[in-house]
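Summary of the model geometry
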Amino acid sequence: MIIILQSDAKVADRDSLIADLKSRGYGVHLSEGVERTIIGVIGTPERDKDNLVEHFEAFPFVERVVPILKPYKLVGKPFKPAGTVINVGNVQIGGGTVCIMAGPCTVESPEMLFETARFVKAAGAHVLRGGAFKPSTSPYSFHGLGETGLKLLAEAREETGLPIITEVMDTRDVELVGKYTDIFQIGTRNMANFSLLREVGTQRKPVMLKRGWASTIEEWLQAAEYIASQGNYEIILCERGIRTFENYTRNTFDINAIAAVRELSHLPIFADPSHATGRRSLVTAVSMGAVATGADGVIVEVHPSPETAVKDGPQSLTFQQFEQLLEAIKPVVEAVGRTIAPNA
Ligand code: PEP
Ligand code: MN
């Protein structure tokens, strides 16, 4: 359940309420909005529910107590109706701006990374993406440069000022990846890796949680709840396509998910048209559709020479195509009343 405090509730009132909840053995999560403080109460035993609602509604500084029936609570819309806004350096994620993350699928060499980083920065990207630990369907494929890749990403950040996002695949690597990255990426294959979700939940850095390629929206939101349950509320959801019978495209971009997440959750929602389509010719059109539907940003793969890319070349944009994408989404961003923030 969530407890919504009156707008004039005092900090001391809030603290005494929290102490009361904790003494009963409940987990407490705070959401401090501009107008309202909302307290998420986790672990309410069924037998206590009715009594608790009555008990807490009797407090003069409590506006309302709302039982939450959904299996995800902290990431559900009622917990933070105004929406989560995440700040990474000067970059704002959520809250009416459209954020662009771009870079290679995987860090291959210093030259290609720095060239891409400089280019996407000059073109207007806000965050540099790049894999150092790469998931692969085959054990014999390239698995990334590991820490060397992380160091290169950090150097590229140093030079361009762009914050970085990179994938973490293993609980044992969370500390290492956290030493370098600004945003953790949890890939589609690990969406239901609950120990990994818990581990990034203990970090104080934003996490992008990609949707599992065979997961429902509700399963995905529950995966996000794992992260939030550990106290990390800075979660960005990312629709990257799901597996269907269609095989012209690599996956099927579920545009419904963008609209549904906006309805169900306060978390920012991104689109990854690169992995969703697997074809660079489709990436711009799908980005436009995602932004029109309310996506808070897109994450796209860009490579200096996609034909030589070690991974995901067919879906990687050339530099010129990336510029075209940014031009193409501008009128869409304006049409839905949003803005693309400058990246300087
Ligand atoms: C990636 O971003 O390069 C990636 C592997 O994504 P996904 O987990 O969505 O396949
Ligand atoms: Mn990729």
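Residues numbered from 1 in each chain as written. Chains lettered and ligands numbered in written order. Predicted model: local features only at pLDDT ≥ 70, side-chain atom pairs only at ≥ 80, totals over all residues. Heavy atoms only, no water.

**Quick word on the sheet that holds strand β1 (residues 2-5)**
Reading across the sheet, the four strands line up as β2-β3-β1-β4 and stay open at both edges, with antiparallel pairing between neighbours. What marks the edges here is a single partner per strand, and that holds for β2 (27-32) and β4 (62-66). Averaged over all pairs of adjacent strands, the angle between strand axes in this sheet comes to 20°, irrespective of strand direction. Summarising the sheet, β1 and β4 pair through four bridges and their orientation is antiparallel. Looking at the pairing, L5 lines up with V62 of β4. (Pairing = 2+ DSSP bridges. Helix = DSSP H or I, 4+ residues; strand = E, 2+ residues; numbered from the N terminus. Axes fitted to C-alpha atoms, helices over the stretch in contact; angles between N-to-C directions.)

**Here's the deal with the side chain of S274**
Within the secondary structure, S274 is located in helix α9 (residues 273-277). Residue S274 is classed as buried on the basis of its relative accessible area of 0%. Not counting chain neighbours up to four residues away, the residues in contact with S274 comprise R279, V283, I299, V300, E301 and Q315. (Buried < 20%, exposed > 50% of the residue type's maximum accessible area, 1.4 Å probe, protein only. Contact = heavy atoms within 4.5 Å.)

**Some words on the sheet that holds strand β9 (residues 164-167)**
With parallel pairing, the eight strands of this closed barrel are ordered in space as β7-β8-β9-β10-β11-β12-β13-β14. When strand polarity is set aside, the average angle formed by the axes of neighbouring strands in this sheet is 25°. On the sheet, helix α8 (residues 255-264) packs against β12 (235-239) and β13 (269-271) and is oriented at approximately 170° with respect to β13.

**Brief notes about the pairing of strand β10 (residues 183-186)**
Side-chain alternation along β10 places I183 and Q185 on one buried face and F184 and I186 on a second face that is also buried. The pairing of β9 with β10 spans three bridges and is parallel. By the bridge assignment, T166 is partnered in β10 with F184. With respect to chirality, the unit in which β9 leads through helix α5 (residues 174-180) into the neighbouring parallel β10 is right-handed. Pairing analysis gives three bridges linking β10 to strand β11 (residues 207-210), with the strands arranged parallel. Within β11, the position partnered with Q185 by the bridge is M208. In the classification by handedness, the crossover that spans β10, the intervening helix α6 (residues 194-201) and the parallel β11 is right-handed. (Right-handed = clockwise from strand over helix to strand, strands pointing away.)

**Re the domain arrangement of the chain**
Partitioning the chain into domains gives domain 1 (2-69) and domain 2 (86-340). Relative to domain 2, the C-alpha centre of domain 1 lies at a distance of 35 Å. (Domains from an automatic or database assignment.)

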